[in-house]
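Chain by chain, the residues:
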Amino acid sequence: MNGLLHDFRYALRALGKSPGFTAAAVLTLALGIGANTAIFSVVNAVLLKPLPYPEPDRVVRVFEQTPGGLSTASPPNFTDWQRETSVFQAIGAYVGTAGALTGNGDARRVPGSVVTPGFFPTLGTAPLLGRTIVESDAKPGQDRVVVLSHGLWQRRFGGDPGIVGRSVRLDGRDFAVIGVMPEGFQYPAGADFWMPLGFSEDELATQRGAHYLDVVARLAPGVTVEAASARMAAVAKLLEARYPDTNTGASASVVGLHEALVGKVRPALLILLGAVGFVLLIACANVANLVLARTAGRQRELAVRSALGAERSRLVRHVLTESVLLGLLGGAAGLLLAAFGTRLLLVLATEYVPRIEHASLDGAVLAFTAGIALLTSLLFGVLPAAGVGRGGNLTRALKTGGGARNGDRSGGRLRASLVVAQMTLAVLLLAGAGLLLKSFMQLQAVDPGFNPHGVLTFELALPRAHYPEPQDARDFVSELRERIGGLPGVESVAGVFGLPLSHFNYTISVEELDGRPAYHDPGEVRSLQVRVVTPDYFRTMQIPVVAGRALDASDRAGTQPVVVLNEAAARLLWPDGEALGRTLEVGTSMGVSGSRLGGTVVGVVADVRDASLADAARPTVYGAHAQFPVDFMSVVVRSSVPPRSLVAPIRAEVRQIDDELPLDDVRTMDERLAASVAEPRFYMLLLAVFAVSALFLAAIGIYGVLAIAVRQRTGEIGVRRALGAQAGDVLRMVIGRALALAGGGLVLGLLAAFALTRLLAGLLYGVTPTDPSTFAGVAALLAAVALLASFLPARRAAAVDPVQALREE
């Protein structure tokens, strides 16, 4: 122990005598360790931490599985799942909602969910106060109860312990608070309250084609996810036989809740973790080069200590101790960078990386940091330590003086090998970043089908207590459009149930085409996205009308119902003929009128990328709001003035109509468009940062190797100059050495990239994982960086005075 402490004290003194070397090594390690720690904190929170529920591995999501992929469930199918399967201990369903909370402060729209009685037993979390929703709460007339989240209870009600039994006002109606959930419980993400959800006999009879329920379940003891999935597939077969009109081709699938939440982001996070690991390896190679150069310069010191009786093991231990100390210092500095990096990641990715809000520098992350600090110490310390104290090296050091200029030339080959490895990893990261950058540019170039510039959007939900009749909703929307349309700078205003790029998904199967049943053969089920719009919607969003006309003010209550299709819906329903003048009806009543949406097709409009820019337009039917009024819609306002300047006057106009009605999700359409590509932008930026860091470190590595080589070969260069070599010859020699190192790394890196960039396929849009132009760009960039890194050493070599060099030799 005393010997170890002595080594640490000696190492501290030695590092203190070389502040430049120590600072360079510690900062290089801090960059690699800090970036790894920040990314691991996210990976730990998202992928490794269990869900905060009792026995979380038994909690699953249940999906309807259609030819188009996994889907939400319809109420009748959900109730059949409840009755016909024994693989679940509990099963529940929920639908996201929001409500205008009034009283105890300004009116504010808060997110929530309506849930079936099985929802809370499925998750298994007991309330902090009161109780959760039970079967009797879901019956008509008894459903005016609400469970609050811990966050809403604290923010709005000051954590009042007597809140249970009190009433809160949501959407103009009073709800009795029956419970408060504990801190940390928030499922689905963002929910601040939960209200009961029940189904009427009419809904169960008519809504088998309406898919909008998210379903969670708790597996029965001893039942695996695979067994439950097989059983649900069998149940789906039974339902398909009973209800061929709506269930043909549909199955059911069970997925672990954790997998359902994070499965989409797992590949991207693992790729980022691997990429940042490469940055750490490059940092280790850089520090190894620094330590090799420092060790070569200390050969005389080590030779003297050996001559005085120091054993080789003691010398090796001393070099390793310095490496461990550098690793620990780099780890400590890396933690500071990681704290900043983690906070930055939380700001950038909270909206689209699930569970990232739990990322922190907790015990697991600190242990990870300590582990990689020690591991990096070994990675960059082992090679220099292996060459310490060898007899031939020590004898040569005593004879020649052992300075850097006369150091072991074999060390130069090792340092060159490390630089080639750095360049290989840098090329791999650059290729990945280049592919993501090109993919992002391709995505941004996609035409969304509408003009987002100069458009303000916000959401409004009309409380049924204040607007119980269909005519009430019509009158409100009409007055709102008239008031907003009269504001200075407003060019047009419209409303839509289902704004593009708002994660809106309301799919209903088609029941009738041209007055006849829509389905004749098994597997023929066709579904449409449903949108309800006011007059001027297509003009406000600048969505082209391809055929016929748009919905206008003539399409009012009491007139012949009409609809407009997008091109995808027209092709789906009538691939061999004209859609104009044909009729259709979807299979579920909707809106406050309770009527089925449908009618004569009077127009066809261009497709809109309503889900995301990367997804093709979905078949969509548009109905007129006056004929199919709804109590929730987004308002779009096109203006000739900055859209944000209209927020205050619009809010004032809404208050003139209803002072308890808050505006929700106020954003420009440009902001929504930017948010729709925020996730690929986030991954692209992170990988680009890692790639640039790797390239910077690799360039430093080239510079270091060449600078050391020039110092060691000063005598040789002097002889060359004395024999007639020109400065240009020396320049070409040094630059050629740099290009040889870069070329070796480039070849190896491109080979590795050709194999590994296929892992990025799921993150790319419009680009192949082996895109030739990207790889060519990487090669050109690497050559430019190698030339830049070699410039100073080459100029220094060309300026060598042959007389002075020979005299020093």
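What this report covers is the structure whose coordinates are included nearby. (Residues numbered from 1 in each chain as written. Predicted model: local features only at pLDDT ≥ 70, side-chain atom pairs only at ≥ 80, totals over all residues. Heavy atoms only, no water.)

## Some details on the overall build of the chain
Argument step 1. Within the chain, the regular secondary structure consists of 25 helices and 24 strands.
Argument step 2. Burial status across the chain gives 52% buried among its 809 residues.
Argument step 3. As displayed, the chain offers around 33,900 Å² of accessible surface, 59% of which is attributable to carbon and sulfur atoms. (Helix = DSSP H or I, 4+ residues; strand = E, 2+ residues; numbered from the N terminus. Buried < 20%, exposed > 50% of the residue type's maximum accessible area, 1.4 Å probe, protein only. Areas by Shrake-Rupley, 256 points an atom, 1.4 Å probe, with all protein chains shown as cover.)

## Thoughts on the packing of aromatic side chains
Argument step 1. This structure, assessed with the given rule, holds 16 aromatic pairs.
Argument step 2. Here Tyr-53 and Phe-185 contribute two aromatic rings whose centre-to-centre distance is 6.0 Å and whose plane-to-plane angle is 70°, an arrangement assigned as edge-to-face. Of this pair, Tyr-53 sits in the loop between helix H2 (19–48) and strand E1 (59–66) while Phe-185 sits in the loop between strand E8 (173–180) and strand E9 (193–196); the two residues are 132 residues apart in sequence, bridging distant segments of the chain.
Argument step 3. Take Tyr-53: its relative accessible area is 9%, and that puts it in the buried class.
Argument step 4. Consider the rings of Phe-120 and Trp-194, whose centres lie 5.9 Å apart with planes at 75°: the pair is edge-to-face. (Phe/Tyr/Trp six-rings, centres within 6.5 Å; stacked < 30°, edge-to-face > 60°.)

## A word on the packing of helix H23 (residues 727–756) against helix H24 (residues 772–798)
Argument step 1. Two elements in contact, H23 and H24, have axes separated by 8 Å at closest approach and are oriented at 150°. The orientation of H23 with respect to H24, classified from their angle, is roughly antiparallel. The hand of the H23/H24 crossing is right-handed. Judged by residue contacts, Ala-727, Val-730, Leu-731, Val-734, Ile-735, Ala-738, Leu-739, Ala-742, Leu-746, Leu-750, Ala-753 and Phe-754 of H23 engage Phe-775, Ala-779, Leu-782, Ala-783, Ala-786, Leu-787, Ser-790, Pro-793, Ala-794, Arg-795, Ala-797 and Ala-798 from H24. (Axes fitted to C-alpha atoms, helices over the stretch in contact; angles between N-to-C directions. Parallel < 35°, antiparallel > 145°, perpendicular 65-115°, else oblique. Left-handed = near helix turned anticlockwise from the far one by under 90°. Contact = heavy atoms within 4.5 Å.)

## Some remarks on the packing of helix H3 (residues 75–84) against helix H7 (residues 225–242)
Argument step 1. Direction vectors running N to C along H3 and H7 enclose 125°, while the axes themselves pass 11 Å from each other. For the element pair H3 / H7, the angle class is oblique. For the crossing formed where H3 meets H7, the hand is right-handed. Contacts between H3 and H7 involve Asn-77, Asp-80, Trp-81 and Glu-84 from the former and Arg-231, Met-232, Val-235, Leu-238, Leu-239 and Arg-242 from the latter.

## Observations concerning H3
Argument step 1. Most of H3 sits out of view: eight of its 10 residues are buried.
Argument step 2. Turning to H3, its buried residues are Pro-75, Pro-76, Asn-77, Phe-78, Thr-79, Asp-80, Trp-81 and Glu-84.

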